[in-house]
Amino acid sequence: MLLVNERAFPFNSGMTLADLVKEQGGDADILLVNGYPATLDTALSDGDRCCLWRRGKVPSAEEMRHLLYARHSPGVQSRLQERVVGIMGLGGLGSLVAIALARMGIGSLLLADYDVVEPTNLNRQQYFVDQIGQKKTSALRDILQRVNPHVSVTIIDRRLVEDDIGVLFQNVHALVECFDDPAMKAAGLRAALHSLPGVFYVCASGLAGYGENNTIRTRRLYPGIYLVGDELSAAAPGQGLMAARVGIAAHQQANQVVRLLLDVENEAG
Amino acid sequence: MKVLCNGEAQEIASGTRVADYIRQLGLDIYSVVVECDGRILTREEYGSHELQDGSVLELIRFVGGG
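Reading the values: rules and limits
The residue count restarts for each chain, going from 1 along the sequence in the order it is written. The naming scheme follows written order: chains are lettered A onward, ligands numbered 1 onward. Per-residue local features are limited, in this predicted model, to residues with pLDDT of at least 70; the limit for side-chain atom pairs, both in listing and counting, is 80 or more; totals at the level of whole chains, interfaces and linings are taken over all residues. With hydrogens and water set aside, each side-chain value is computed from the structure's full complement of heavy atoms. Every helix listed is a DSSP run of H or I at least four residues long, and every strand listed is a run of E at least two residues long, numbered separately from the N terminus. Under the scheme applied here, a residue whose accessible area is under 20% of the maximum for its type counts as buried, over 50% as exposed, and between as partly exposed, the area being computed with a 1.4 Å probe on protein chains only. In this document the domain limits rely on a domain assignment from an automatic tool or a database. We call two residues in contact whenever any of their non-hydrogen atoms come within 4.5 Å of each other. Each of two parts loses accessible area, computed with a 1.4 Å probe, when they are put together; buried area is these two losses added. Criterion for a salt bridge: a side-chain nitrogen of Lys or Arg within 4 Å of a carboxyl oxygen of Asp or Glu. The term polar contact refers here to a pair of N or O atoms within 3.5 Å; inside protein, the definition further demands a hydrogen-donor-capable atom paired with an acceptor-capable atom, and it admits residues adjacent in sequence only when both atoms are side-chain atoms. Each residue is assigned to one class: nonpolar for Ala, Val, Leu, Ile, Met, Phe, Trp, Tyr, Cys and Pro, charged for Asp, Glu, Lys and Arg, and polar for all the others, Gly among them. Strands pair, by our definition, only if DSSP identifies at least two bridges between them. Between the rings of Phe, Tyr and Trp (Trp by its six-membered ring), a pair exists once the centres lie within 6.5 Å; its type follows the angle of the planes, with under 30 degrees stacked, over 60 edge-to-face, and the other angles tilted. By the criterion adopted, a ring carries a charge over it if an Arg CZ or a Lys NZ lies within 6 Å of its centre and within 35 degrees of its normal.

### Overview of unusual backbone geometry
Across residues other than glycine, the phi torsion is negative in most instances, and most of the peptide bonds are trans. Residue and element names in this part refer to chain A. The residue E6 is not glycine, and still its phi comes out positive at about 70°. Checked against the element boundaries, E6 lands in the loop between β1 (2-4) and β2 (7-9). Despite not being glycine, E231 shows a phi value in the positive range, around 65°. Look at E231 and you get buried, because its relative accessible area is 15%.

### Points about the domain arrangement of chain A
Residue and element names in this part refer to chain A. Domain boundaries in chain A define domain 1 (2-71) and domain 2 (77-261). Every contact between the two is made by 5 residues of domain 1 and, on the other side, 7 residues of domain 2. A buried area of about 540 Å², summed over both sides, lies between domain 1 and domain 2, and 52% of it is on carbon and sulfur atoms. On the domain 1 side of the interface with domain 2, the three residues burying the most area are R65, L68 and Y69, jointly 89% of the side's total. Seen at the junction of domain 1 and domain 2, the total is 0 salt bridges. Our count for the domain 1 to domain 2 interface comes out at 0 residue pairs in polar contact (both at pLDDT 80 or more). Considering only residue class, the side of domain 1 that touches domain 2 consists of 4 nonpolar, no polar and 1 charged.

### Here we look at the pairing of strand β5 (residues 49-53) of chain A
Residues and elements named next belong to chain A. Most of β5 sits out of view: 5 of its 5 residues are buried. Summarising the sheet, β1 and β5 pair through 2 bridges and their orientation is parallel. Bridged to L3 within β5 is R49. Strand direction decides the pairing type here: strand β3 (residues 30-33) and β5, joined by 4 bridges, are antiparallel. Counted as the bridge partner of I30 is W53 from β5.

### Considering the environment of E162 of chain A
Tracing the backbone shows E162 of chain A in helix α6 (residues 162-168). The sequence separation of E162 of chain A and A186 of chain A amounts to 24 residues, and the corresponding C-alpha distance is 9.1 Å. If we skip the residues at most four places from it in the chain, E162 of chain A touches M184, A187, R190 and A191 of chain A together with R43 of chain B.

### A word on the sheet that holds strand β4 (residues 39-40) of chain B
Residues and elements named next belong to chain B. One open sheet holds the 5 strands; their spatial order is β2-β1-β5-β3-β4, and the pairing between them is mixed. Taken across any chain shown, the strands that pair with only one partner, and hence form the sheet edges, are β2 (8-11) and β4. Pairing between strand β1 (residues 2-5) and strand β5 (residues 56-61): 2 bridges, direction parallel. The partner of L4 across the bridge, within β5, is V56.

### As for the packing of aromatic side chains
This structure, assessed with the given rule, holds 0 aromatic pairs over all chains. For R159 of chain A, the ring lying beneath its charged end belongs to Y114 of chain A, and the centroid distance is 4.2 Å.

Dropping the structure here:
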């Protein structure tokens, strides 16, 4: 059997992608096999997962779900879909971590921030000019719905304190610390270490300016607990937060979350 | 007396509390997470926890920006 646009389809020995396109009506021009672009002469194997689509066609809701996930490696998205990730702080780091996780097909996001979108945020945060004045929580939820309507988004619209964190995020599989304030960054790590056993935690420190790319790194602090950043570059007068370097750090955080959720980190090592 | 801080031996005065030590390093106590002899200290303990000769400290310092 093949899986064609997530539906079972009989497999015949010697079948190519061209045969399949013909059987499906012949107009598909976006072709993926097992999450990767393929050409018409690709020989198919039993069990292959194929996605055929005509460029520009507007999908139904059901088709949309299949297409969104067609680029994921088989088995990866089904595991991410069952996971809940919390994000504390929805600025330059948090807004980008959320979008990356939504694009990768995470099941649920729990998003916390107290602030509103300001014009001075737009140099690095993922909001739009027409969202100025909106709460970051609801503004980001709206963006995520446009990226992937199948992500379940819950928002916490308040200023977090250290004692809240262990309670509000007790049911997440992974928690991402994206605060701006260093005191809250320390508070978040203490809360995770004291109150969230078994929850993966990825925090950040040192990502301002336009310093070298490769000084941003991901360091293991404790089992299941990681720190991203160069650990030195504070946001300060003369060294502002800039989209590219904040983005490097945010995407290291998001990738680390995925690695932890997919169990690829050797925690014994 | 001596303590080991992030792997380096440091000479400190006896009776030094964790908060004093962090300030001596020029750091803001609110931006530092402290593991002392294998235990993560609560924020309330920074002002009261006295370092002992041979104490092993791990300080994780955060800088602002997010």
